[in-house]
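Observations on the model geometry
Here is what each chain is made of, one letter per residue.
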Amino acid sequence: MKPRCRGQALLVRYADDYVCAFQFQEDAQRFYRAVPRRLGRFGLQVAPEKTRLMRFSRFHPGLRRRFGFLGFELYWSRDRRGELRVMKRTVRKKLQAAKRRLKGWIRANRHLPGRVFIQELNRRLVGHYNYFGLRSNEQGLESYYIFATRCAFKWLNRRGGKRSSFNWAQYIAALRKLGVEQPRITERQRAHAVFA
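Keep in mind that this is a model prediction, so the values were computed, not measured.

Within the UniProt annotation, "domain: Reverse transcriptase" (unreviewed entry) is assigned to residues 1–74. For residues 1–74, helix accounts for 22% and strand for 31%, while the C-alpha atoms at its two ends are 24 Å apart.

Attention now goes to the pairing of strand 3 (residues 62–69). On any regular strand, side chains alternate: one points to one face of the sheet, the next to the other face. Sheet topology note: the strand 3/strand 4 (residues 72–78) ladder contains 4 bridges and is antiparallel. Paired with Phe 67 across the strands is Leu 74, a residue of strand 4. Where strand 3 folds back on strand 4, the antiparallel hairpin that results is connected by 2 residues, among which Leu 70 adopts a positive phi of roughly 55°.

A few words on helix 4 (residues 138–156). For helix 4, built from 19 residues, the straight-helix expectation of 27 Å at 1.5 Å per residue is met to within 8% by its first-to-last C-alpha distance of 27 Å. For helix 4, the complete set of buried residues consists of Gly 140, Leu 141, Tyr 144, Tyr 145, Ala 148, Thr 149, Cys 151, Ala 152, Phe 153, Trp 155 and Leu 156. In the core, the buried residues of helix 4 are packed alongside helix 2 (92–109), helix 3 (114–132) and helix 5 (168–178).

Counting residues in hydrophobic clusters, the biggest one holds 29 residues, and the most contacted among them are Ile 106, Phe 117, Leu 121 and Leu 125. The leading source of residues in this core is helix 4, at 9 residues. Of the domains in this structure, domain 1 (9–90) and domain 2 (92–178) are the two that each give at least three residues to this core. With near-sequence residues (within four places) excluded, Ile 106 lies in contact with Phe 117, Leu 121, Ala 148, Cys 151, Ala 152 and Trp 155. Counting residues in each nonpolar core, the second largest holds 6 residues, with Cys 5, Ala 28, Phe 31 and Val 35 among its members.

Next up on the list: a positive patch on the surface. Together, Arg 4, Arg 33, Arg 37, Arg 38 and Arg 41 make up a positively charged patch on the protein surface. Locating Arg 38 in the fold gives a position in helix 1 (residues 25–40). Exposure remark for Arg 38: the relative accessible area of 36% places this residue in the partly exposed category.

Rules behind the numbers
- Residues numbered from 1 in each chain as written.
- Predicted model: local features only at pLDDT ≥ 70, side-chain atom pairs only at ≥ 80, totals over all residues.
- Heavy atoms only, no water.
- UniProt positions renumbered as here; feature names shortened; annotations may be inferred.
- Helix = DSSP H or I, 4+ residues; strand = E, 2+ residues; numbered from the N terminus.
- Pairing = 2+ DSSP bridges.
- Expected span 1.5 Å × (residues − 1).
- Buried < 20%, exposed > 50% of the residue type's maximum accessible area, 1.4 Å probe, protein only.
- Contact = heavy atoms within 4.5 Å.
- Core = buried A, V, L, I, M, F, W, Y, C linked by side-chain atoms within 4.5 Å.
- Domains from an automatic or database assignment.
- Patch = residues over 30% accessible without salt bridge, like charges linked within 9 Å, V, L, I, M, F, W, Y side chains within 5 Å.
- Areas by Shrake-Rupley, 256 points an atom, 1.4 Å probe, with all protein chains shown as cover.
- Salt bridge = Lys/Arg side-chain N within 4 Å of Asp/Glu carboxyl O.
- Lys, Arg positive; Asp, Glu negative; His and termini not counted.
- Charge placed at Lys NZ, Arg CZ, Asp CG, Glu CD.

Right, here's the structure in full:
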């Protein structure tokens, strides 16, 4: 399709998921009509709930024109320096599901000795940061970390049928001593081709 396009075209793919970007609407519409026929030749089909044609332009920044891809919502916004960039944040449903899984794990494993519990909790935190640790997603990472520490405080305080084994200040001191993983950006800086 690219040689037939009037303007620039870009394909971003991960396994069987992809996003196509076109400079001109006519090119996008032609591609949108052609894809189902092309995939049909190989016995494949487009997932209607994941497929749509939308305007995504730096000339229309904001959350109204956003889309989800691989667990992230992508949208145009201004960065700290005032430049327009494609921003990424964790899709709300994914973040809520991750928090529910973490809460279930904390509740089921609160009996573990302190150091073992923190090591296992850190494995889950680092796994989340490694996948979702993209620039502009700091808020999502911070939200997950805060949820993890508060949830652990609640359930660790209920071990053995006791309520309030320790207070918040003691708990925070223990977290610092045991070394709970802080949220961090894991994305590497690289140059991006941008057009709209």
